[in-house]
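The residues making up each chain are set out below.
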Amino acid sequence: MQYNVTVIGSGPGGYVAAIRCAQLGFKTSIIEKYDTLGGTCLNVGCIPSKALLDSSEHFINAKEHFKEHGIDIPDPKVNLSQMIRRKGEVVKANVDGIAFLMKKNKIDVYKGVGSFVDKNTIKITSGDGKETTITSEKVIIATGSKPTALPFAPFDKKRIISSTETLELKEIPKHLIVVGGGVIGMELGSVYARLGAKVSVVEFLDSLIPTMDGTLGKELMKVTKKLGMEFYLGHKVTSVENKGKEVLLKAEPKSGGQPIELKGDYCLVSVGRRPYTEGLGLDKVGIETVKGQIPVDDHLRTKVENIYAIGDVVRGAMLAHKAEEEGVMVAEQLAGQKPHINYLLIPGVVYTWPEVASVGYTEEQLKGAGRAYKTGSFPYKALGRARASMDLDGLVKILADKTTDEILGIHIIGARAADMIAAGVTAMEFRASAEDIARTSHAHPTYMEAVKEACLAATGNRAIHI
Amino acid sequence: MSQQVKVPSVGESITEVTISNWLKKDGDVVKLDEVIAELESDKATFELPAPQAGVLKISKQKGETVPIGTVICEIQGDGKPAEVQPAAQESKPKPAAPAAGSALAKATGAVKEMKVPAVGESITEVTISTWLKKDGDLVKLDEVIAEVESDKATFELPAEATGILRIVAKEKTTLPIGGLICKIEVMEGAGEGSVASAASASTAASVGDANYAAGHPSPAAAKMLDEKGIPASQVSGTGPGGRITKEDAMKTQPAAPEPKTAAATTTAATTGAPAQGSKGERREKMTSLRKTIARRLVAVKNETAMLTTFNEVDMKPVMDLRSKYKESFKEKYGVGLGFMSFFTKAVCAALKEFPAVNASIDKDEVIYHDYCDISIAVSTPRGLVVPVIRNAETLTFAQIESEVVRLATRGRDGKLSIEEMTGGTFSITNGGVFGSMLSTPIINPPQSAILGMHNIVERPVVKNGEIVVRPIMYLALSYDHRIVDGRESVSFLVRVKEMLEDPGRLILGV
Ligand SMILES: Cc1cc2nc3c(=O)[nH]c(=O)nc-3n(C[C@H](O)[C@H](O)[C@H](O)COP(=O)(O)OP(=O)(O)OC[C@H]3O[C@@H](n4cnc5c(N)ncnc54)[C@H](O)[C@@H]3O)c2cc1C
């Protein structure tokens, strides 16, 4: 078969690129080596993790907050296999949805490992060894990423596990050790902490979610400590051993001092993800990876003129929505359009409770750059809406240019932060000033009022409700 | 990220190209998609755009011929605003001092020197009329920073880089072409997302004074403007604080007469594949060279009394002579015997007889030239240029031919100096190379006349009462009637005709 565009990999980068290409009138195909479409995000990433986060959050509410709301129920119990089964159904509904969208847009789906023969020819080897060859004028690589293991402790998938196994556990760990206090570690760690596991997080750096604004990491630690999570920041893990029924982790403080030993029944290693290009046959087209990534120019074009790459397999944040934007951008470029991506304004979110969300520059970056800025903060505690729901943890911090008042960064930790950040991204796309938001009517009572109040605080310290 | 730039494959049968010109210098900061070099193959010339922003490191020099796929330069670093990853999906256990510093506009250490560009063929110096930006201001690439005037025209000077402006030439200073106007301390990261204004920090504007965002296009507007090829700086925003709204971007296209159709076109653009019968159009700012040309051409029409007289030449004698001596001429002088030498010689002889055609007006006086500096029009990728053959009246056929070749090559390579293009006393233009049968050329001031050559076509003509087929070229002479009389112009052209139809006259001077 011959195609205008072929996409390799069906994650949020790949399937979105394929749909947009089809919308633009290209004859399009997509290749996926797994049985289901949707990639990491739908199968073992964003969606299943959120399913478990929501279930476990319901549990903790039932267990700890219903009483105060005036709902008396007998002690609730966790039915983990049902929780995992429901998660599976959520995933299935989503991946089936993608299959439907492929059909609707008349995109040919090939199941199997796609591998370059030359720059226009791709061989697809399916699970049973059958080979199919197709040709395509343009190719978009969207093969995503895989979890990184510790060099001295490969995943055994039994005791030393990655996020993928953590989404499928058969029992609630007694003690889950998490290596890496980034987004995935904090999300999955809090799932099991809510379900009753003891959770210890070992992080090399001195703060949690270290790429985000420092205030957020500090606040997140405060609120997750309330769940009973324990933290070993600034600790370098030196070994992790599967001892059969147990796993033993050793770590030493970076600054010197006593090494620690932790014994648990599972160790989740969430220290990052690496771009995935195995089996893709990049050597056949002369593309070499750099630190695992496929090098691309500002148009996401590789060194081979008809081959593009998007998502986790290229530079930039490993986020589903970043992959999607890149998919759209490549498709539209192929149709001669000139879309933009403002990488500064790709928001980052952690779906703990409370949620963490941010966009723009962090305070550390502004300081480092010597930029004159001002801040305005507002705590959830002072919010009527938060009192009503008892979600009192968290705050909003606005960073704005000292002179022009232009918003430079929005950092939120608090209930519904993930959904709130979109308004902030919109404002920043239009280069709004803090006063612009402060003078925009916000419905009362809402969590978004905290953003408005923080903007008031940033413009002449005139927050009303504090 | 650094990127090596290779010669792209440009066509099936093309295996190698010659680097005809570097438009950017080694070490220059280049923008994404900015044309950095001109390449030439046996079939065509084409432009090489930068595949990413950064600092240019040239590895193959101008004039070198290289196979497709050869690395000819590298673009180092990403000159684009450093991207921030607000939340990488997981923390990586490496000692990451927060990625600060890289995030905002920051000096790259590079300094861009802006020099007076060559703005037109006879312009040798310019005066800085107004600085639109102050010393120390943050200027953005392509933003107009000064107005510059020459004796012929005023033009705008766009910033050649984003960064801090350091003015070298004060207002009212006069500089030669190539003179240093200013320096820009190149910064990266400014310009997109946020203007980290080194300047705004010092010019304290009051809080809420939101015009920092004036001219900032909304995401949809930005895409639309880019597709139309219109820089945001040319659109005046009607949104709050002067922001460019989607509607502003839509309206910037005059072809969208009413919002309804405009909306319809947009949907078509986003949903339709290559739309059929689409009415795309594109707006581009005129280059100052183009503006100068435009202004001058209109000025000629307005300020002279230009008219054109025609004649026809039977080219058979010249062609016979040429085919007879082609080989031996080439052998002896190493240059082909073309028509230009015949025409130039004939023109020089005729100019001697009709000095007014070789004269020019300077206010109340007429300047007569006792030499013939013949301007010849050469078409180049950059447009028409008019280099001069000096003292053509003293040159032999062979000298004229080699001079024509030399000037044409330099013209094509963009190497002609202003010097080489100024001071002609009479012009010859050959529309025949493009297939023109007849045209009325425009004189090249302050000259008073121009000869137009055209294509040679076999036509039936009557010779000695018989219809014969002859290779005929129509000739046109446009002249300034203020100093050239009708009798002179017509007789001049007849003389040229006579000498071409009987080249013996060129030798004998009769
Ligand atoms: C636990 C977890 C939670 C996450 N939560 C979030 C979140 O909440 N929000 C967020 O934005 N991001 C989240 N992410 C990150 C997000 O999943 C990724 O950024 C996103 O999936 C990247 O999309 P992609 O299209 O680049 O690649 P992927 O989604 O990784 O898809 C790549 C696909 O390509 C296929 N493939 C690879 N090679 C070949 C080949 N040769 N032939 C055929 N097919 C091939 C793979 O099988 C895979 O299906 C999470 C990740 C994890 C692990």
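Residues numbered from 1 in each chain as written. Chains lettered and ligands numbered in written order. Predicted model: local features only at pLDDT ≥ 70, side-chain atom pairs only at ≥ 80, totals over all residues. Heavy atoms only, no water.

**Points about a nonpolar patch on the surface**
Residues and elements named next belong to chain B.
Right, so step 1: Taken together, the side chains of Phe310, Met437 and Leu438 make up a nonpolar region of the molecular surface, amounting to roughly 270 Å² of accessible area.
Right, so step 2: Structurally, Leu438 can be placed in the loop between strand S24 (426-430) and strand S25 (449-453).
Right, so step 3: For Leu438, a relative accessible area of 38% translates into the label partly exposed. (Patch = residues over 30% accessible without salt bridge, like charges linked within 9 Å, V, L, I, M, F, W, Y side chains within 5 Å. Areas by Shrake-Rupley, 256 points an atom, 1.4 Å probe, with all protein chains shown as cover. Salt bridge = Lys/Arg side-chain N within 4 Å of Asp/Glu carboxyl O. Helix = DSSP H or I, 4+ residues; strand = E, 2+ residues; numbered from the N terminus. Buried < 20%, exposed > 50% of the residue type's maximum accessible area, 1.4 Å probe, protein only.)

**With respect to the sheet that holds strand S12 (residues 235-242) of chain A**
Residues and elements named next belong to chain A.
Right, so step 1: In space, the three strands of this open sheet follow the order S12-S13-S14, with antiparallel pairing throughout. Bordering the open sheet on either side are S12 and strand S14 (260-264), each of which pairs with just one other strand. This sheet shows a mean twist of 20° between the axes of neighbouring strands, independent of strand direction.
Right, so step 2: Judged from the seven bridges that link them, S12 and strand S13 (residues 247-253) form a sheet pairing that is antiparallel. Among the inter-strand pairings, His235 is bridged to a residue of S13, identified as Pro253. (Pairing = 2+ DSSP bridges. Axes fitted to C-alpha atoms, helices over the stretch in contact; angles between N-to-C directions.)

**So, the sheet that holds strand S6 (residues 54-58) of chain B**
Residues and elements named next belong to chain B.
Right, so step 1: Pairing is antiparallel in the open sheet, where four strands are placed in the order S1-S8-S6-S3. Bordering the open sheet on either side are strand S1 (3-6) and strand S3 (29-30), each of which pairs with just one other strand.
Right, so step 2: Examined bridge by bridge, S1 and strand S8 (residues 71-76) share four bridges and lie antiparallel to one another. Bridge pairing in S8 places Lys6 opposite Val71.

**As for the nonpolar core**
General note: in soluble globular proteins, nonpolar side chains tend to be found buried as a group.
Right, so step 1: The biggest cluster of nonpolar side chains holds 56 residues, and the ones touching the most others in it are Phe116, Ile140 and Ile141 of chain A.
Right, so step 2: Beyond its immediate sequence surroundings of up to four residues, Ile140 of chain A is in contact with Val5, Thr6, Val7, Ile8, Ala17, Cys21, Tyr308, Ile310, Val330 and Leu334 of chain A.
Right, so step 3: Val378, Val404, Tyr479 and Val484 of chain B belong to the second-largest nonpolar core, a separate cluster that totals 50 residues. (Core = buried A, V, L, I, M, F, W, Y, C linked by side-chain atoms within 4.5 Å. Contact = heavy atoms within 4.5 Å.)

**Details of the side chain of Glu488 of chain B**
Residues and elements named next belong to chain B.
Right, so step 1: Within the secondary structure, Glu488 is located in helix H9 (residues 486-501).
Right, so step 2: One buried charge, Glu488, has no salt-bridge partner; the nearest side chain with opposite charge is Arg487, at 4.9 Å.
Right, so step 3: At 2.8 Å, the side chain of Glu488 forms a polar contact with the backbone nitrogen of Asp485.
Right, so step 4: Those residues in contact with Glu488 that lie beyond four places of it in its chain are Phe354, Ala356 and Ile483. (Lys, Arg positive; Asp, Glu negative; His and termini not counted. Polar contact = N/O pair within 3.5 Å; in protein donor to acceptor, adjacent residues only side chain to side chain.)

**Considerations on the site of the ligand**
Right, so step 1: Glu32, Thr40, Lys50, Gly114 and Ala320 of chain A are the nearest of the 40 residues found near the ligand.
Right, so step 2: Of the chains in the model, those with residues near the ligand are chains A and B.
Right, so step 3: Here Cys41 of chain A contributes a backbone N or O atom positioned 3.3 Å from an oxygen atom of the ligand.
Right, so step 4: Compared with its free state, where it exposes 1,000 Å², the ligand has 98% of that area covered by protein.
Right, so step 5: For the shell around the ligand, the elements supplying multiple residues, two or more each, are helix H1 (12-23), strand S2 (28-32), helix H2 (39-44), helix H3 (46-69), strand S4 (113-118) and helix H8 (320-334) of chain A.
Right, so step 6: Here the shell around the ligand takes four residues from H2 of chain A, the largest share from any one element. (Near = heavy atom within 4 Å.)

**Structural notes on the pattern of salt bridges**
Right, so step 1: Summed over the entire model, instances satisfying the criterion amount to 47 salt bridges over all chains.
Right, so step 2: Glu363 of chain A is the salt-bridge partner of Lys397 of chain A, the closest N and O atoms lying 2.5 Å from each other. Taken as a pair, Lys397 of chain A in strand S21 (residues 395-401) and Glu363 of chain A in helix H9 (residues 363-368) lie far apart in primary sequence, 34 residues in all. Like Lys397 of chain A, the residue Glu363 of chain A is buried in the burial classification.
Right, so step 3: Across the pair Lys115 of chain B and Glu113 of chain B runs a salt bridge, and its minimum N-O distance is 4.0 Å.
Right, so step 4: Of the residues examined, Glu113 of chain B reaches a relative accessible area of 36% and is grouped as partly exposed.
Right, so step 5: In the salt-bridge network here, residues are joined through shared partners; they are Arg20 and Glu332 of chain A together with Lys223 and Glu227 of chain B.

**With respect to the environment of Phe310 of chain B**
Residue and element names in this part refer to chain B.
Right, so step 1: Mapped onto the elements of the fold, Phe310 is located in strand S17 (residues 306-314).
Right, so step 2: Here Phe310 falls in the partly exposed class, since its relative accessible area comes to 40%.
Right, so step 3: Taking the C-alpha atoms as reference points, Phe310 and Thr440, 130 residues apart in sequence, are found 9.0 Å from one another.
Right, so step 4: The contacts of Phe310, once residues within four sequence positions are left out, are Leu438, Ser439, Thr440, Leu475, Ala476 and Leu493.

**Some details on unusual backbone geometry**
Right, so step 1: Here the residue pair Trp353 of chain A and Pro354 of chain A is connected by a cis peptide bond, since its omega of 0° sits within 30 degrees of zero.
Right, so step 2: One can find Pro354 of chain A in the loop between strand S18 (348-350) and strand S19 (355-360).
Right, so step 3: A cis amide bond links Pro445 of chain B with the next residue in sequence, Pro446 of chain B, at an omega value of 5°.
Right, so step 4: With respect to the secondary-structure elements, Pro446 of chain B resides in the loop between S24 and S25.
Right, so step 5: Of note in the backbone geometry, Arg431 of chain A takes a positive phi value of approximately 55° without being a glycine.
Right, so step 6: Summarising the element assignment, Arg431 of chain A is placed in the loop between helix H11 (417-429) and helix H12 (434-438).
Right, so step 7: Among the residues examined, Arg431 of chain A registers a relative accessible area of 4% and is labelled buried.

**What to know about the confidence of the model for chain B**
Residues and elements named next belong to chain B.
Right, so step 1: Counting all residues, the mean pLDDT for chain B is 80, and 81% of those residues have values of 70 or more.
Right, so step 2: Ranking the elements of chain B by mean pLDDT puts helix H1 (residues 198-202) last with 34 and S25 first with 96.
Right, so step 3: Low pLDDT (under 50) marks residues 254-275, which in the prediction has 20 contacts with non-local residues, meaning those over four places away or in another chain.
Right, so step 4: This prediction of the complex comes with two scores: 0.59 for pTM and 0.72 for ipTM. (pLDDT = per-residue confidence, 0-100.)

**Focus: the packing of aromatic side chains**
Right, so step 1: Summed over the entire model, instances satisfying the criterion amount to six aromatic pairs over all chains.
Right, so step 2: Here the aromatic rings of Tyr380 of chain A and Tyr447 of chain A are separated by 5.9 Å at their centres, their planes lie at 25°, and the arrangement is stacked. Here Tyr380 of chain A is found in the loop between strand S20 (373-379) and helix H10 (384-389), whereas its partner Tyr447 of chain A is found in the loop between H12 and helix H13 (449-458), with 67 residues between them in sequence.
Right, so step 3: Given a relative accessible area of 0%, Tyr380 of chain A falls into the buried group.
Right, so step 4: Relative to Phe492 of chain B, the ring of Phe426 of chain B lies with its centre 5.6 Å away and its plane at 50°, an arrangement referred to as tilted. (Phe/Tyr/Trp six-rings, centres within 6.5 Å; stacked < 30°, edge-to-face > 60°.)

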